[in-house]
Each structure stands twice: as C-alpha cells, then as structure tokens.
Amino acid sequence: MRAVGYVRISKADRGATEDQQRLSLRQQADTIRAACEAKGWELLRIVEDFALSGNDSERPGFIEVTEAVTSGEADVVVVRHVDRLYRKGWRLLKLVDPVAEGGDGWNVYSVEQAFDTTTPEGWFAFAQFALFGDFERRLTAKRTKLALAQLRKEGKHTGRKSLIPVEVEDRIAALAAEGMSASAIARLLTDERVPRPTTGTARKGEKAARTTVFHWDHSHVLGAIRRAGVRSRAS
C-alpha cells in the first residue's frame, strides 16, 4: 500500500527558535515512518504544514496530500493523531466518507489511536472519536462561556487589558448614558482627534509595539462602555 504522511503544528512559539518549534514535526514524522515500516507500506513522502490552523482548508501541505489521494498516487494518509488533519468532527467524517456519498473518500491511518479507515471497524472507531472530540470542544466552550458570564456578573473585566485611559472610557460611558449612539461617539472622538493607544502587528519573533491612532469606530466605543460598566459595578 502506498502511503503519504502528513504532519502539522498549529502555532509558532515566538519565544523559541524555528528548530525548537519544528521538534514536534520531526517527532510526528518519525512516528509515521516507523508505522509504515511496521505495516510494510511504501511511504511516498511526508508533507508538512508549519504554524497553520487545523481549521484552515487552504493549507499548502494539506492541499498536496489531497491531490495525492485524488489522483490515486497514494492509497492511505498516515498521521500521528487525527487532529493533525482537522479539528472539527464533521470535516474529519467528510474526509473518510465515500465519494459516492458526498465525501472525499480518504483512507486514514492514525498511529496514536490505531484507526485504520480501510476497514469498517476502523471507520466506526474513527467516526466515534471525531464526534467525541467535537462534543468535548463544545462542552469546554459552554463551561468557559458560563465562567466568563459569572465573572462579568461579579464586576470583573474578562478581556485583554485596555490601553485606553480610564478617563477617556468614563467620558465615553457618560456620553452613551446621555443617549449618544456608539457610532456618533466614535465620530466625535475621531473629529476631536482623541488619541487611541493600541498595539501594532508584530513580525515573527518580535513583540508588538505600542502606537497611537486617532480613528475610532463603534466597536472601540462599545468596548469602552462595557469596561466602564464593569468598573462601576466593582466599585
């Protein structure tokens, strides 16, 4: 059987060198090589995606693997863990569903879970794992949402610390209390050239630098109103 391996790491650690970041990729690749050797499969190559999300369908390496399967070059895709392919359960299921049923028709072998979708039993185990992963993520999101709601109820700020001065946010809240809309307040602050401290986009390996802009939109205003309200309830 001809196999193509796939390895992926989601996010680069800015505090580490690229070689350190690629350690996971090398470990995944070694696991795939050993698995193919043990099964007697011909490993055509190992394709990688570096610092790319599993929710991104346009990953260059993933596209290369897709082409290898679609063209018939590869019979099976080998990964160390199924979440290297996709994070969402329905996407994983679509990968292994037959083409005749609207799927992509992949055969997947996951080394860590020992899933081999070339067999009905392996497909069933793969489907269960994909759906359970989705359930677990949804459950975690629900718990996080409830916890954040409780913190806000207690008057605690739950977002990133704002760089906008407290006195500016208090003024925004006062204008909103007088009946001004968020868009109207944003236009006023922009016209008055009220400074809005922010952070720029950092290049890889660098810390984002603080900068000051003079443009406001309604989202900045709404955030300021929310933070002012939290401070008011906490006082």
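Each value, and the rule that gives it
Residues numbered from 1 in each chain as written. Predicted model: local features only at pLDDT ≥ 70, side-chain atom pairs only at ≥ 80, totals over all residues. Heavy atoms only, no water. Helix = DSSP H or I, 4+ residues; strand = E, 2+ residues; numbered from the N terminus. Buried < 20%, exposed > 50% of the residue type's maximum accessible area, 1.4 Å probe, protein only. Contact = heavy atoms within 4.5 Å. Areas by Shrake-Rupley, 256 points an atom, 1.4 Å probe, with all protein chains shown as cover. Salt bridge = Lys/Arg side-chain N within 4 Å of Asp/Glu carboxyl O. Phe/Tyr/Trp six-rings, centres within 6.5 Å; stacked < 30°, edge-to-face > 60°. Lys NZ or Arg CZ within 6 Å of the ring centre and 35° of its normal. Polar contact = N/O pair within 3.5 Å; in protein donor to acceptor, adjacent residues only side chain to side chain. Pairing = 2+ DSSP bridges. Core = buried A, V, L, I, M, F, W, Y, C linked by side-chain atoms within 4.5 Å. Axes fitted to C-alpha atoms, helices over the stretch in contact; angles between N-to-C directions.

> Any chance you could explain the overall build of the protein here in plain terms?
When helices and strands are tallied, the protein shows eight helices and seven strands. Evaluated residue by residue, the protein yields a buried proportion of 33% over its 235 residues. When contacts within the protein are restricted to residue pairs at least 6 apart in sequence, those whose partners lie at least 24 apart make up 64%. Accessible surface computed for the protein: about 14,100 Å², of which carbon and sulfur atoms make up 53%.

> Any chance you could explain the environment of Ala 51 here in plain terms?
Position of Ala 51 relative to the elements: it lies in the loop between strand S2 (42–50) and helix H3 (60–70). Counting along the chain gives 30 residues from Ala 51 to Gln 21, while the straight-line C-alpha distance between them is 9.0 Å.

> Mind showing me how you'd approach the pattern of salt bridges here?
It is possible for side chains of opposite charge to pair when their charged atoms get near one another. Applying the stated criterion across every chain, the model contains ten salt bridges. Among the salt bridges present, the one from Arg 2 reaches Asp 75, with a minimum N-O distance of 3.2 Å. Of this pair, Arg 2 sits in strand S1 (residues 2–9) while Asp 75 is found in the loop between H3 and strand S3 (76–79), placing the two residues 73 residues apart along the sequence. Its salt-bridge partner being Glu 169, residue Arg 227 comes within 2.6 Å of it at the nearest N-O pair. Of this pair, Arg 227 sits in helix H8 (residues 218–234) while Glu 169 sits in helix H6 (residues 166–177), and the two are 58 residues apart along the sequence.

> Explain the packing of aromatic side chains here, please?
How two aromatic rings sit relative to each other is set out by the distance from centre to centre and by the angle between their planes. Scanning all chains against the criterion turns up six aromatic pairs. Seen from their ring centres, Tyr 6 and Phe 62 are 6.2 Å apart, and the 75 degrees between their planes marks the pair as edge-to-face. Of this pair, Tyr 6 sits in strand S1 while Phe 62 sits in helix H3; the two residues are 56 residues apart in sequence, bridging distant segments of the chain. For the pair Tyr 6 and Phe 62, a shared accessibility class is recorded, and that class is buried. An aromatic cluster is built from Tyr 6, Phe 62, Tyr 86 and Trp 106, whose rings are joined through pairwise contacts. Between Arg 59 and the ring centre of Tyr 86, over which it is positioned, the NZ or CZ distance is 5.2 Å. Directly above the ring of Phe 214 sits Arg 193, whose terminal nitrogen or CZ lies 4.2 Å from the centroid.

> Please clarify how the side chain of Ser 110 should be interpreted in this entry.
Tracing the sequence through the fold places Ser 110 in strand S4 (residues 108–110). A polar contact of 3.5 Å, which involves the side chain of Ser 110, links it to the backbone nitrogen of Val 82. Sequence-distant contacts of Ser 110, that is, excluding residues within four places in its chain, are made with Val 79, Arg 80, His 81, Val 82 and Phe 115.

> Sorry if this is basic, but what is going on with the pairing of S3 here?
Remember that side chains alternate between the two faces of the sheet whenever the strand is regular. Burial of S3 is two-sided: the residues Val 76 and Val 78 facing one way and the residues Val 77 and Val 79 facing the other way are all buried. Looking at chain direction, S1 and S3 are connected through three bridges and run parallel. Of the residues in S3, the one forming a bridge with Ala 3 is Val 76. As judged from the three bridges shared by S3 and S4, these two strands associate in the parallel manner. Looking across to S4, one finds that Val 78 is bridged to Tyr 109.

> Looking at this model, I keep getting lost on the nonpolar core. Mind explaining?
Taken as a class, soluble globular proteins show a tendency for nonpolar side chains to be buried jointly. Val 77, Leu 85, Leu 95 and Trp 106 are the most contacted members of the largest nonpolar core, which totals 23 residues. Looking at this core, the elements that each hand over two or more residues are S1, H3, S3, helix H4 (89–96) and helix H5 (120–153). In this view, Val 77 contacts Val 4, Tyr 6, Val 65, Val 69, Leu 85, Trp 106, Asn 107, Val 108 and Tyr 109; residues no more than four positions away in its chain are not counted.

> Explanation requested: the sheet that holds S3 in the structure shown.
Backbone-to-backbone hydrogen bonds pair the strands of a sheet. The strands run either parallel or antiparallel. With mixed pairing, the five strands of this open sheet are ordered in space as S2-S1-S3-S4-S5. Among the strands making up the open sheet, the edge pair consists of S2 and strand S5 (115–116). Alignment of S4 against S5, held across two bridges, turns out to be antiparallel. Pairing of Ser 110 across the sheet is with Phe 115, part of S5. Contacting S1, S2, S3 and S4, helix H2 (residues 23–39) crosses the sheet at an angle of about 160 degrees to S1.

> Honestly, helix H7 (residues 182–191) in this entry has me stumped. Any pointers?
Three or four residues apart is the spacing at which side chains of an α-helix point the same way, because the helix has 3.6 residues per turn. Turning to H7, its buried residues number three or more, namely Ala 182, Ala 184, Ile 185, Ala 186 and Leu 189. Looking at the residues trailing H7, positive phi occurs at Arg 193, about 55 degrees.

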